[in-house]
Number of protein chains: 2
Amino acid sequence: MEKELKVRIFDIEVGRCEVTLNEEDARELGIHPKDRVTIFFDSRSATVVLNTAKTVVSGGEIGICTDLAEEYDLKSGDKVQITPAERPKSIEYIRKKMDGLALNESEFEAIVNDVVNNNLSEVEITAFISAIYINQMTVEETAYLAKKTAECGETLDLKRKPVFDKHSLGGVPGNKITLLVVPIVAAAGLTIPKTSSRAITSACGTADIMEVLAPVTFDAREIEAMVNKTNAVIVWGGGANLAPADDIFIRIEHPLAIDPHYLALASVMAKKYAVGAEFVVIDLPMGPETKVKDMKEAKKYARDFIELGEKLGIDVECAVTYGDKPIGRAVGPALEAREALATLEGEHTSTSLVEKATELAGILLEADGAARKGKGKEMALEILKSGAALKKMKEIIEVQGGDPNVTSKDIKVGNYQEKIFSDDEGYVTNISNRAVVRVARRAGAPKDQGAGILFNIRKGEKVEKGALLYEIYSNSEYKLEQAVKLTKQLKPVRLEGMLLERIPDYTVIEK
Amino acid sequence: MEKELKVRIFDIEVGRCEVTLNEEDARELGIHPKDRVTIFFDSRSATVVLNTAKTVVSGGEIGICTDLAEEYDLKSGDKVQITPAERPKSIEYIRKKMDGLALNESEFEAIVNDVVNNNLSEVEITAFISAIYINQMTVEETAYLAKKTAECGETLDLKRKPVFDKHSLGGVPGNKITLLVVPIVAAAGLTIPKTSSRAITSACGTADIMEVLAPVTFDAREIEAMVNKTNAVIVWGGGANLAPADDIFIRIEHPLAIDPHYLALASVMAKKYAVGAEFVVIDLPMGPETKVKDMKEAKKYARDFIELGEKLGIDVECAVTYGDKPIGRAVGPALEAREALATLEGEHTSTSLVEKATELAGILLEADGAARKGKGKEMALEILKSGAALKKMKEIIEVQGGDPNVTSKDIKVGNYQEKIFSDDEGYVTNISNRAVVRVARRAGAPKDQGAGILFNIRKGEKVEKGALLYEIYSNSEYKLEQAVKLTKQLKPVRLEGMLLERIPDYTVIEK
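Every chain is numbered on its own, with residues counted from 1 as its sequence reads. Here the convention is simple: chains get letters from A, ligands get numbers from 1, in the order in which they are written. Only residues with pLDDT of 70 or above have their local features reported here, since the model is predicted, and side-chain atom pairs are shown and tallied only from 80 upward, although totals for entire chains, interfaces and linings are computed over all residues. The basis for the side-chain values is all heavy atoms of the structure; hydrogens and waters are excluded.

## Description of the packing of helix α5 (residues 122–135) of chain A against helix α10 (residues 244–256) of chain B
Part 1: Where helices are involved, their axes are fitted lines through C-alpha atoms of the stretch in contact, as for all axes, and angles between N-to-C directions lie from 0 to 180°. A helix here means a DSSP run of H or I that spans at least four residues, while a strand means a run of E at least two residues long, and both kinds are numbered starting from the N terminus. At a closest axis distance of 9 Å, the pairing of α5(A) and α10(B) adopts a crossing angle of 80°. The orientation of α5(A) with respect to α10(B), classified from their angle, is roughly perpendicular. Only I252(B), P255(B) and L256(B) of α10(B) make contact with α5(A), whose side of the interface consists of V123(A), E124(A) and A127(A).
Part 2: Residue classes follow a fixed rule: Ala, Val, Leu, Ile, Met, Phe, Trp, Tyr, Cys and Pro count as nonpolar, while Asp, Glu, Lys and Arg count as charged, and any other residue, Gly among them, counts as polar. Tallied by class, the residues present in the contact of α5(A) with α10(B) amount to five nonpolar, no polar and one charged. Working definition: roughly parallel below 35 degrees, roughly antiparallel above 145 degrees, roughly perpendicular at 65 to 115 degrees, and oblique for all remaining angles. It only takes one pair of heavy atoms within 4.5 Å for two residues to be counted as in contact.

## Digging into the interface of chain B and chain A
Part 1: At the interface, 55 residues of chain B touch 55 residues of chain A.
Part 2: Ranking the residues of chain B by area buried against chain A places R27(B), P255(B) and K447(B) at the top, with a combined share of 12%.
Part 3: A carboxyl oxygen of Asp or Glu within 4 Å of a side-chain nitrogen of Lys or Arg is what we treat as a salt bridge. Counting every contact that joins chain B to chain A gives four salt bridges.
Part 4: Between E122(A) and K34(B) there is a salt bridge; the shortest N-O distance is 3.0 Å.
Part 5: Whenever a nitrogen or oxygen atom comes within 3.5 Å of another N or O atom, the pair is scored as a polar contact, on the condition that within protein one atom can donate a hydrogen and the other can accept it, and that pairs from neighbouring residues in sequence are kept only if both atoms are in side chains. The tally of links between chain B and chain A comes to 19 residue pairs in polar contact (both at pLDDT 80 or more). Here the quantity called buried area is the total loss of accessible area, with a 1.4 Å probe, experienced by two parts when brought into contact, counted for both.

## A short note on the sheet that holds strand β10 (residues 279–286) of chain B
Residue and element names in this part refer to chain B.
Part 1: The strand order β7-β10-β11 describes an open sheet built from three strands, whose pairing is parallel. The open sheet is flanked by β7 (164–168) and β11 (315–322), the only strands paired with a single partner. Within the sheet, the average angular offset between the axes of one strand and its neighbour, ignoring direction, is 20°.
Part 2: Across five bridges, the pairing between β7 and β10 is parallel. Each bridged residue has a counterpart across the sheet, and for K166 the counterpart in β10 is V281.
Part 3: Strand contacts of helix α11 (residues 261–274): β7, β10 and β11, with the helix running at about 160° to β7, the strand carrying the most contacts. For two strands to pair, DSSP has to find at least two bridges joining them.

## Focus on the relation of the copies chain B and chain A
Part 1: Least squares is the method for superposing the copies, and the C-alpha atoms it fits come from residues with pLDDT of at least 70 in both. Overlaying chain B with chain A gives an RMSD of 0.1 Å, the required rotation being 180° about an axis along which the chain moves by 0.0 Å. Both copies of the chain, as the preceding transformation shows, are related through a two-fold rotation axis.

## Points about the domain arrangement of chain A
Residue and element names in this part refer to chain A.
Part 1: How far each domain reaches was decided by an automatic or database domain assignment. Domain annotation for chain A reports domain 1 (3–84), domain 2 (89–135), domain 3 (164–399) and domain 4 (416–509).
Part 2: Listed by partner, the interface residues are six residues for domain 1 and 10 residues for domain 2.
Part 3: Of the roughly 620 Å² buried between domain 1 and domain 2, counting both surfaces, carbon and sulfur atoms make up 42%.
Part 4: For the pair domain 1 and domain 2, the number of links is one salt bridge.
Part 5: Across the pair E124 and R36 runs a salt bridge, and its minimum N-O distance is 2.5 Å.

## Digging into the pattern of salt bridges
Part 1: If you walk through the whole model with that rule in mind, you get 69 salt bridges over all chains.
Part 2: Linking K462(A) and E425(A) is a salt bridge whose minimum nitrogen-to-oxygen distance equals 3.9 Å. Residue K462(A) is located in strand β16 (residues 462–463), and its partner E425(A) is located in the loop between β13 (416–421) and β14 (426–431); the two are separated by 37 residues in the primary sequence.
Part 3: Residues E461(B) and R458(B) are paired through a salt bridge, measuring 3.7 Å at the closest nitrogen-oxygen approach.
Part 4: A single salt-bridge network, built from bridges that share partners, covers E105(A), E109(A), K147(A), K148(A) and E151(A).

## Concerning unusual backbone geometry
Part 1: For the bond running from A445(A) to P446(A), omega is 0°, close enough to zero to count as cis.
Part 2: Relative to the helices and strands, P446(A) resides in the loop between α17 (433–442) and β15 (452–455).
Part 3: Of note, the amide linkage connecting K161(B) to P162(B) takes the cis form, showing an omega dihedral of -5°.
Part 4: With respect to the helices and strands, the residue P162(B) is situated in the loop between α6 (139–151) and β7.
Part 5: For N118(A), which is not glycine, the phi torsion reads 60° and is therefore positive.
Part 6: Residue A257(B) is not a glycine yet carries a positive backbone phi of 55°.
Part 7: Assessed through its relative accessible area of 38%, A257(B) is described here as partly exposed. Burial here depends on accessible area, computed with a 1.4 Å probe over protein chains only, as a share of the maximum for the residue type. Under 20% is buried, over 50% is exposed, and the range in between is partly exposed.

## Regarding the packing of aromatic side chains
Part 1: Working definition: a ring pair exists when centres of Phe, Tyr or Trp rings (six-membered ring for Trp) sit within 6.5 Å. Plane angles under 30 degrees give stacked, over 60 give edge-to-face, the rest tilted. Following the criterion strictly, the structure yields 12 aromatic pairs over all chains and no others.
Part 2: Judged by centre distance (5.8 Å) and plane angle (45°), the ring pair of F128(B) and F249(B) falls under tilted. On the criterion of sequence distance, the pair formed by F128(B) in helix α5 (residues 122–135) and F249(B) in helix α10 is long-range, its members being 121 residues apart. Each member of the pair, F128(B) as well as F249(B), carries the same accessibility label: buried.
Part 3: One aromatic cluster is present, built from ring pairs that chain together F108(A), F128(A) and F249(A).
Part 4: A ring has a charge above it when a Lys NZ or an Arg CZ is no more than 6 Å from the ring centre and no more than 35 degrees off the ring normal. Directly above the ring of W236(A) sits R198(A), whose terminal nitrogen or CZ lies 4.6 Å from the centroid.

## So, α5(B)
Residues and elements named next belong to chain B.
Part 1: When the terminal C-alpha atoms of α5 are compared, their 19 Å separation across 14 residues agrees well with the 20 Å that a helix rising 1.5 Å per residue should span.
Part 2: For α5, the buried fraction is high: 12 of the 14 residues fall into the buried class.
Part 3: The complete set of buried residues in α5 reads E122, V123, E124, I125, T126, A127, F128, I129, S130, A131, I132 and I134. Here the expected length of a helix is defined as 1.5 Å per residue gap, with one fewer gap than residues.

Here it is, written out as structure tokens:
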């Protein structure tokens, strides 16, 4: 059955592109909301998901979103023909996964392609994610999904091989180590096209920190060209259209607050596969507030990542790291960029920061053969001390369009600061990652690059009553005030003997 | 964190009501698409799901859909405050179901209320439906869900008790028996507030057939008033806001083409609970093209319905009926209304139609005690023959605002007709429900009330070559032509000896 309709273009794009038909017309055609229709015009056609409306679209009209109208050069008043279209095959495969069966490579390909090409609605993608969450996946399925997720977007084709990469499972504030690891290993000649994320719920992502020093938004061809010059970049992954299906999956997982284990693995490895990585070191921060709660979980992650890597032709090494407190002293884009740059400049900033960065860089150096087995960390430390890492970082900043002459002293942090002092004396028994992130965000991070927290104490240290614990920075007086209020409520730094004051515990009131 | 924004009202409602924020503002507030925000204005507030946009909504603006704007009397340019809101508790319960655990009554209540109050997005509702599909439900959970689904909408409070009801699992075209069962049992004094559905993919629903004789859209209070006068009505369920959560669940199941068993049971029983039914007869049409494929499945349905009824305080009796061919001779709103009315007028129309209607009516009469055990069908037949059922039907038509003097002769069927003759001779071995429905829809049913099919033969009958098999009706010459084309392709009537012609089989090419 077919019907001719008059185009009406909406001035708003809501979610995924859909066309809208009057309820009565839909009923006549025997189609439901979320069914597909094929629209014919001139000698072209497009199959899209249908929406229905009672009043907004009149009988005989078809509402078309701006995106689609532009793509197909349709104008209000144009005539089109529509006819019900078949469901994509991928819905059958989603149902197969819902029924507890394993999917093969071509089935994952069909699903991922339909996700990226807007052929599946959110309802259908949610059913797919739910099925993966409930019925899980084998490592083999995970590998198919990762591969297809990578292949549906841009991939990098780099001249300098082998290609190295690093990834952190996250959950730890202050984790600016990428800004050390990348220049260290690149200074030793390794190729490392590092794509990073921006903060969504954290205080800042690596891309937010790097952006203090240089632009981070580049497409895949630009990244290739830059890496061919400098061995390395530190860019925002979201600009390069790598594994775009993954971003769509994440949008669906978020409202459900689920993080299906195998989907998380596929997500990480799809991005590594897309940049052509042959060796990847994965940082697994372990702690009460990270994804990896204990050694048993860490081993499960490591085993799965390594097995998945084997199926994708990527060597993986995992490093379980301390994730129970912030890394280094600074949290927030500019404060972290300054701390990383100062460390590259040779300043003694934070032992834990240098330790973690050189450990991970060492693993990469050994994998490459640049360092002998067991000597990677030592070599990394030498590269850092020699100034070679700083020199490489300046090259990276320059190639990305930043000022290569920038020094840590030049970096502008928040105009307003407030010092937080200890009410008590005792040993620092805990610094809560979640509380630190909430305070830094309340101060304005990551949008306000200058906002954040600078610690004056470290875990295990003895502090006196009245001692400076940390300073909160912001470019907004109001936000600083709010952050101070929040920090007094959450008390991110715990001293021995403070346990009786932990009611109500912020982990309970945490959203 | 809180933010002040300027209202912008969209002139389009797309799906569920959402507010839209510029991406950058959302990032600053640390909220994702599909997170909830609370909007404050004057001394009021509303918590709604958030959408984000790159360009349609500028920084500092908030897009608000027309519905919400009207509800809260907001105008473009008004100032509102927004702040991130917590996720509803019901998401936790959905996740519990995803994790394979059973939910209790208050958990189902929270989910159903949030579904109806737009506090859950489609993603979250889909996860719930998927979890029910994959992890199933116990009958106890199904009862909780049915009860809460009923309680979230309107319920009927009828004076005349007990309240009887009937339901058919569907899948069989021509099934106009409700138009016989209801007046028969109501003539015997039983109370039966029958709510019916409209066709979505079928040729016509009971509400579509009844609408040929009288209006069918009434709210719950109007239904109560009418039933108090006549014992019975035959109305469209969609007008009365009974079990509204169920309609939302169905909208989600449809694109996935899933029909989770226990959700289907909950759906049926929620509506029976909502009308206050104390006894329900359920028609389970069994056949290769209905939901119930064989006796084993029929018994499972019957067992589950009866157990579910016990938990809801509703006596249930199930009747397995032949579902492998259309009921009676007519398919399509006006043709079926005419056939039902003619049967009530005493005309000999179709044995199978009268058989099925009086069997089911008999079960209700026996349940009431109006007929002795084993004598219900006989009594139903007497009521039909005596003209008492016709008299009651006229009362029902009148109370619903139709013309009580209507006769079967007055009913207008399609202006255009085409007779389909047999190419061959032999016994009619099969009449395909699906093919019949597709042809009737192609002819214009249900929107064109006069469209449909009138059979001249029945299953098992011997036909000669050139004999009239059926007639197709339509009010559109073009649609009739299309339906004729389709019927020649699908061949809904199969004769013995035609098996070699069954390639390609239409059940395979069926969408």
